[in-house]
Amino acid sequence: MNRIRSLTARTWMLIAACAVVLALVVTAVLVLPLGDSAEEAAERALPALQQTSPEDGAAGGEGPLAAAGWIVPEADAPGTGPDEEYARIASGMGGLDSTGPFGPPAVSLGGVTEHSGGAEATLHWTWPHGDRAWEHTSVLRLEKRDGEWAPVMEPRAVHADLQAGESLGTQVDRPERGRILGAGDEVLAGPQPVVVVGVEPRRAEDVEELSDALEEHLDIDGDALADRIEAAADDAFVEVITLRRDDYDEVSDDIRLLPGTVFREEEQPLGRSRTFAAATLGSAGPATAEDIENSEGRHTAGDVVGRSGLNRAFDGELGGLRTVVVNRVDAEDGKHELGTVEGEEGSDVATTLDVDVQEAADAATADGDKPAALVALRPSDGHVLASSSSDPEGGAFDRALASRYPPGSIFKVASGLALLRAGVTPEDVLACPETTDVEGKVFTNAEDFGLGESTFAEDFVQSCNTAFVDAATRADGEALASAAADLGMGLANGIGTDAFGSAVPVEDDPVTHAAMMIGQGTAEASPLGAAVMAASVAQGETVEPVLVPEAVESAEEGGSGPGTGELEPGHVEALQELMAETVTDGTASALRDVPGPAVHGKTGTAEYGGETPPRTHSWFVGYQGDLAFAVLVEDGGFGAEAAVPMAEDFLRALHD
């Protein structure tokens, strides 16, 4: 009996002991976390390397690295957080704050090796520089802290060859910007000497007096300049204006000795003159903060970037590619090369612009007191010889290539072709009343003239609106769009840069279609599209315009609808004769005595806006020998009043 009780007691003791052990195990499981593996910890830590900036972690804040569990070895960087240490090591690359030659890095994980007391991981780094990149590896050390793996921010975590206290640095070699060339390899835009006028505040005796004097001589805002001078550091260079060397020489005696003025001589990419094809060539200037931020390292402070026109469209070719040398910077600021991203010099961009023709165009458009544009091209090959846009208010909009205006009566070249295709002949009678009505919409002629029982030829030469409106039923919307397409009006897409030719939608509404016959309604054209129309008549086939030969792609017909693909010789001859008579006996008679071959042309007056009577743009399109051209004067009135005199100035300048 006692034997049985003793056995029972031992059993209970064993059960109690097992319970205690089990409780300890459960407690250990519940209290002590299992934690990530070293590989998982490393993977989790990598995104922070692409998010940090030098300011993160400063002033007691917690940056992305600190938030992701990164640590810093106290012996190497006492009192420094992981974000600050990363910025010290890598900020010279620029990817952390968009100030250097590289964009934010892409970092991926290679192999991970655990060993007694720690682990090491291989990291693969890719630093983008535009569409190129620099790649390398680093060694990431991980330590156990409170049972968790912690990545260690130290120099070799960023590059395998960096030692304690070292960092990455870069040297940038900027290539020389390419030039924009014209016919015969004439330089149209390239490096030109300039003088940057500035003010050094500590040398200015009277800021207000100095600012007023500079406003007087340089046409700048003196009050705004005074504010900038007052806000600047004493030894700062407060930039006032950049002048071409010739322009500076004209005012140097007036500003050179003003107390506080300082000057810096440089070269900048500029056109042959301030006005030479200015809107089409465009401009280039220092990269802005926004340019730098969006460039993925391609641009840094001091770079020159294309701002508009061909300078912007071909900025990649002109600007070239910078050479970037990546260095290991030791504790004594010594530099040791780690790698190079090779660059390329900027390339020249060749255009078809002809210096003599362009200068004649610029001179003609500059004489007016309204915004104007003139495009000239060679019918035999489509080469654009001149592209001039002028604005008395100083605007830089490229009216010559990119504007959209109602073409008005110059479009009667296209609607005239549609009527010829419909069987109308120059001798057919198409009455020209003073007014006509289409479903309640009244159409009139300029100054309410009428020709009575006139022929189609007389209607074209004298630009009778009512005759073309009444003939709208003979050529539907598709026929009109097809004629415009075959005259090349929409073939601007293949010019080699952004441009607009024309838009001639197919309109079913009788009133709108009638208006389209005289270049109103929804019809739109640029001087480029109008000049191509004249060139196609001169050449007897559809002309495709070319400005940058190497960039020309297969031209697509813009908004002008599908054409037939050919111009019939009989119709071309009729249009040529009608355009010749417009100059000898019609609305463009002021051009009949211009030197050189006979001028062929068509005037245009295009209504716009909602005023009564409506305001009008002035147009002229024409050709002389192997030169076709279009002139637009915005808000210029009748075609014969503004555009024709400008065309005359242009043609006479070419023959001087």
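Residues numbered from 1 in each chain as written. Predicted model: local features only at pLDDT ≥ 70, side-chain atom pairs only at ≥ 80, totals over all residues. Heavy atoms only, no water.

Visitor: Is there a simple way to think about the overall build of the protein in this case?
Guide: The helix and strand tally for the protein stands at 22 helices and 23 strands. For 656 residues, the compact-globule estimate of 2.2 N^0.38 gives 26 Å, and the protein exceeds it by more than 25% at 37 Å. For the protein, the C-alpha atoms occupy an extent of roughly 145 × 85 × 45 Å along the three principal directions. Burial status across the protein gives 49% buried among its 656 residues. A fraction of 66% describes how many contacts in the protein between residues 6 or more apart in sequence connect residues 24 or more apart. As presented, the protein carries roughly 30,000 Å² of accessible surface, and 48% of it is formed by carbon and sulfur atoms. Between the averaged position of the 40 positive side-chain charges in the protein and that of its 118 negative side-chain charges there is a distance of 11 Å. (Helix = DSSP H or I, 4+ residues; strand = E, 2+ residues; numbered from the N terminus. Rg over C-alpha atoms; globule rule 2.2 N^0.38 Å. Buried < 20%, exposed > 50% of the residue type's maximum accessible area, 1.4 Å probe, protein only. Contact = heavy atoms within 4.5 Å. Areas by Shrake-Rupley, 256 points an atom, 1.4 Å probe, with all protein chains shown as cover. Lys, Arg positive; Asp, Glu negative; His and termini not counted. Charge placed at Lys NZ, Arg CZ, Asp CG, Glu CD.)

Visitor: Can you walk me through the confidence of the model for the protein in this structure?
Guide: It should be kept in mind that the predicted coordinates are not to be read in detail where pLDDT is low. On average, residues of the protein score 89 in pLDDT, and 90% of them reach the 70 mark or higher. Low pLDDT, under 50, characterises residues 1–7; the stretch is placed with zero contacts to residues that sit more than four places away or in other chains. Per-residue pLDDT stays below 50 along residues 11–34; that stretch engages in two contacts with residues further than four places along the chain or on separate chains. (pLDDT = per-residue confidence, 0-100.)

Visitor: Help me out: how do you make sense of the sheet that holds strand β1 (residues 106–115) in this one?
Guide: Strand pairing in a sheet relies on backbone hydrogen bonds. The paired strands run either parallel or antiparallel. Spatial ordering of the open sheet is given by β1-β2-β3-β4, a layout of four strands whose pairing is antiparallel. Two strands close off the open sheet at either side, each with one partner strand: β1 and β4 (148–152). Pairwise comparison of adjacent strand axes, ignoring direction, gives a mean angle of 25° for this sheet. Here strand β2 (residues 118–129) runs beside strand β3 (residues 132–145); their pairing, made up of twelve bridges, is antiparallel. The partner of Glu120 across the bridge, within β3, is Arg141. (Pairing = 2+ DSSP bridges. Axes fitted to C-alpha atoms, helices over the stretch in contact; angles between N-to-C directions.)

Visitor: Where do I start with the pairing of strand β16 (residues 384–390) in this structure?
Guide: Each regular strand carries side chains that alternate between the two faces of the sheet. Most of β16 sits inside the fold, with seven of its seven residues counted as buried. Where strand β15 (residues 372–377) and β16 come together, six bridges link them in antiparallel fashion. Bridge assignment links Ala373 to a residue of β16, and that residue is Ser389. With antiparallel pairing between neighbouring strands as the criterion, β15 and β16 make up a hairpin whose turn holds six residues, including Gly382 at a positive phi of roughly 80°.

Visitor: What am I meant to see in helix α2 (residues 38–45) here?
Guide: Given 3.6 residues per helical turn, the α-helix brings residues three or four places apart onto the same face. For α2, the full list of buried residues reads Ala38, Ala41, Ala42 and Ala45. Each buried residue of α2 lies within a common arc of 100° when the element is viewed along its axis, so the set occupies one face. Against β1, β2, β3 and β4 lie the buried residues of α2. (Arc of directions from axis to C-beta.)

Visitor: How should the packing of helix α13 (residues 355–366) against helix α22 (residues 643–655) be read in this particular structure?
Guide: Helix-helix packing is characterised by the crossing angle of the two axes and by the distance between the axes. The N-to-C vectors of α13 and α22 enclose an angle of 145°; their axes lie 8 Å apart at closest approach. The interaxial crossing formed by α13 with α22 has right-handed handedness. Residue-level contacts link Asp356, Val357, Ala360, Ala361, Ala364 and Thr365 of α13 to Met646, Asp649, Phe650, Ala653 and Leu654 of α22. Tallied by class, the residues present in the contact of α13 with α22 amount to eight nonpolar, one polar and two charged. (Left-handed = near helix turned anticlockwise from the far one by under 90°. Nonpolar A, V, L, I, M, F, W, Y, C, P; charged D, E, K, R; others polar.)

Visitor: Before we go on, may I ask you to explain the packing of aromatic side chains in this structure?
Guide: What characterises a pair of aromatic rings is the spacing of the ring centres plus the angle enclosed by the ring planes. Scanning all chains against the criterion turns up seven aromatic pairs. For the pair Phe102 and Trp127, a centre-to-centre distance of 6.4 Å together with 65° between the ring planes defines the contact as edge-to-face. Linking Phe102 in the loop between α4 (82–90) and β1 with Trp127 in strand β2, this pair joins segments that are 25 residues apart in sequence. Of the two residues, Phe102 and Trp127, neither departs from the other in class, the shared state being buried. Seen in terms of ring centroids, Phe456 and Phe468 are 5.8 Å apart; in terms of plane orientation they differ by 55°. Their pairing is tilted. With Phe456 in helix α16 (residues 456–461) and Phe468 in helix α17 (residues 465–470), the pair connects residues that are twelve residues apart, well separated along the chain. The two residues Phe456 and Phe468 agree in class, both being buried. Directly above the ring of Phe443 sits Lys441, whose terminal nitrogen or CZ lies 5.8 Å from the centroid. (Phe/Tyr/Trp six-rings, centres within 6.5 Å; stacked < 30°, edge-to-face > 60°. Lys NZ or Arg CZ within 6 Å of the ring centre and 35° of its normal.)

Visitor: Even after reading the chapter, I still don't get the environment of Met646, so can you show me in this structure?
Guide: For Met646, the position within the fold is in helix α22. For Met646 and Asp234, which are 412 residues apart along the polypeptide, the C-alpha to C-alpha distance reads 52 Å. Sequence-distant contacts of Met646, defined by excluding residues within four places in its chain, comprise Ala364, Thr365, Ala372, Val631 and Val633.

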